[in-house]
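# Notes for the structure review
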Amino acid sequence: MWNEEYDIVIIGSGFAGLAAALEACKTCSSVVVLDKMRTPGGNSAISGGLVAAAGSPLQEKEGIKDSPALMLEDMLRAGLDFNTPALAKIVAERSTETLLWTIEELGVEYKPNLNHLGGHSVPRTYNTTNTSGSGIIKPMLAKCRDKGIPIRLKMLLQRFIADEKGVIQGVEVRKGYLFPNEASGETWRIRARKAVIVATGGFSQDIKFRLTQNPILTQEIESTNQPGATAEGLVAALKAGATPTQLSLIQLGPWASRDEEGFGVGSMFSMLAGFPYGILIDLKTGRRFVNELSDRKLLVDAMLNTGRESLAIVDSVGVKYASTLNKCLKRGVVKQYEAIDELAHANRIPLAALLETIRTYNENVSKGVDEDFGKPIPDDLFPIENPPYYSIRLISKVHHCMGGIQINSRAQVLNIETHLPIRRFYAAGEITGGIHGASRLGSNAITDCLVFGRIAGRNAAKERTRT
Ligand SMILES: Cc1cc2nc3c(=O)[nH]c(=O)nc-3n(C[C@H](O)[C@H](O)[C@H](O)COP(=O)(O)OP(=O)(O)OC[C@H]3O[C@@H](n4cnc5c(N)ncnc54)[C@H](O)[C@@H]3O)c2cc1C
């Protein structure tokens, strides 16, 4: 019946799957990672490489007071208490230890400054030196190579194979699969002597599936995700008895550009400079309408309200944090203007209203209190007054699935009927649900995937080996 066997079979080669593999291989020599695509890394490899950690060395250096308890509080507030607190707490508590693991064990390099992303009470976000998740994925893949962990591509998970008691035995895949051709490849069965870990990510690109959960997310709404971010891994887990949780909680990203496809280079411009150091305005009125450092849900809700067309504006001081600026200018995603009236004219914004908006905002910044929308005003935030000025046209895009399958604190998949763990079955990363509740904070996904990937790998390796 079986074509091959390993102790641990992991599906998905993103942050969660690779973290599981690297942890499992510390005590178990027979680990394999399978992925359906022609290249490894999934969304993880194209992500922005922003990683949240509470109580980190950079925070200590910059004198920022933070704690896992405050990070958890932020997660629950943004998540509108839809979170599973016990799981969210683990992410917050292990955030710094996990960040240090990426530095000390993987050799990941981060920029020397912290970022303050929307919805976080304090700056707690590290960013890889290349402003990309590939800055973490590449060292993870290199470490897998060193440890002899095979990463086998073009292997599409089709179903989990269980015995008559529902204990997971292995997987059926299509070997030689050529995405997206479902008829490609041949059926292949791989046995897991210890356990199977599913880490197939979210389903933001699966228009049919996301419409079953949220009818508003039609195909006209673009996604930031890689094309393979589809739901069949999740569906296979549900067929094996996993419990679905909060599948309709799907996040849109408020910072993406109207003038390029997907996440592009503009999203990081808005996240690192436009929102924290600039203003967000409604094109029709020239007015601000929200605290630019709100969490993503509040921002998207405010932007979609009355079909607003939004633009972020930052000056030459704030723009120095935008590490993707040159690429943005080259691609025409961000435009540069010598004066505000030029910017207003080019974007058809009422000039008098825009000048008044900037004047009021600058007054608030100088006073140290944003009386209009409550945006935090740190010491390194200055009035918008130094040309040239930069603007980016924004549109919301489908970005992250907060819902998924339910796990416990050991990363075991829970059965829909018994609410007990399905034996020899683990999950981690964006395929799991409940950790972030109604809205995931920026930079918390990488932390979540690495924390629970490692937990899944460690516990899977402890399973008794079947003969
Ligand atoms: C553009 C972008 C930028 C982001 N930036 C950040 C950021 O800076 N910080 C942050 O915290 N979060 C960020 N996120 C979110 C974060 O990157 C993701 O939540 C995270 O990478 C998910 O990791 P994962 O391991 O769960 O899944 P993925 O990285 O998506 O990996 C899943 C893998 O499983 C494979 N797979 C799927 N189905 C099957 C199947 N049936 N058979 C076999 N293989 C399968 C896929 O091909 C993929 O390689 C970003 C997301 C995107 C899209």
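Residues numbered from 1 in each chain as written. Predicted model: local features only at pLDDT ≥ 70, side-chain atom pairs only at ≥ 80, totals over all residues.

## Quick notes on the overall build of the protein chain
To be explicit about the condition: Elements are defined by DSSP. Helices are runs of H or I of four residues or more, strands are runs of E of two residues or more, and each kind is numbered from the N terminus. Atoms considered for the radius of gyration are the C-alpha atoms alone. The globule rule reads 2.2 Å times the number of residues to the power 0.38. Burial in this document is a count-based property: other C-beta atoms within 10 Å of a residue's C-beta are tallied, and the residue is buried at 20 or more, exposed at 12 or fewer, or partly exposed in between, with C-beta positions derived from the backbone. Each residue is represented by a C-beta atom placed from its backbone, and any two residues with such atoms within 7 Å are regarded as in contact.
Within the protein chain one finds 15 helices and 18 strands. In terms of C-alpha radius of gyration, the protein chain reaches 23 Å, essentially the compact-globule figure of 23 Å for 467 residues. Projecting the C-alpha coordinates of the protein chain onto the three principal axes gives extents of approximately 75 × 45 × 40 Å. Residues classed as buried in the protein chain amount to 55% of the 467 residues present. Contacts in the protein chain between residues at least 24 apart in sequence constitute 75% of all its contacts with a sequence separation of at least 6.

## Topic: the site of the ligand
Put simply, the test is: Any residue whose C-beta atom, as set from the backbone, lies within 6 Å of a molecule or strand is reported as near that molecule or strand. Three residue categories are used. Nonpolar comprises Ala, Val, Leu, Ile, Met, Phe, Trp, Tyr, Cys and Pro, charged comprises Asp, Glu, Lys and Arg, and polar comprises the others, including Gly.
Taken together, 42 residues form the shell around the ligand, and within it Gly14, Gly42, Gly48, Gly201 and Gly429 come nearest. Class assignment of the residues belonging to the shell around the ligand gives a composition of 16 nonpolar, 22 polar and four charged.

## Concerning the nonpolar core
Short version of the rule: By convention the nonpolar core is taken to be a set of buried residues drawn from Ala, Val, Leu, Ile, Met, Phe, Trp, Tyr and Cys and joined through C-beta atoms within 7 Å. Domain segmentation is taken from an automatic or database assignment of domains.
Judged by nonpolar contacts, the single largest core of 138 residues is most densely connected at Ile8, Ile10, Ala21, Ile197, Ala427 and Ala428. Ranked by residue count, the leading element in this core is helix α15 (residues 444-462), at 10 residues. Each of domain 1 (1-250 + 400-467) and domain 2 (255-395) gives at least three residues to this core. Excluding anything up to four places from it in sequence, Ile197 contacts Ile8, Ile10, Ala20, Tyr426, Ala427, Ala428, Ala456, Gly457 and Ala460.

## A short note on helix α4 (residues 68-78)
What counts here: Along the arc lie the directions from the helix axis toward the C-beta atoms.
Those residues of α4 lying buried are Met71, Leu72, Asp74, Met75 and Ala78. Mapping the buried residues of α4 onto a view down its axis gives an arc of 160 degrees, with all of them on the same face. Among the structural elements, β3 (50-52), α5 (85-93), α6 (95-104), α11 (296-304) and α15 are those in contact with the buried residues of α4. Leu80 occupies a position one or two residues after α4 and carries a positive phi of about 55 degrees.

## Details of the environment of Ile207
Residue placement: Ile207 occurs in helix α8 (residues 207-213). The spatial distance from the C-alpha of Ile207 to the C-alpha of Gln219 is 6.1 Å, given a sequence separation of 12 residues.

## Some remarks on helix α10 (residues 266-277)
Across the 12 residues of α10, 12 count as buried, placing the element largely inside the fold. Turning to α10, its buried residues number three or more, namely Gly266, Ser267, Met268, Phe269, Ser270, Met271, Leu272, Ala273, Gly274, Phe275, Pro276 and Tyr277.

## Topic: the domain arrangement of the protein chain
What the domain assignment lists for the protein chain is domain 1 (1-250 + 400-467) and domain 2 (255-395). Its C-alpha centre places domain 1 at a distance of 33 Å from the equivalent point of domain 2. With 15 residues of domain 1 in contact, the opposing surface of domain 2 contributes 19 residues. Across the side of domain 1 that touches domain 2, the residue classes tally to five nonpolar, nine polar and one charged.

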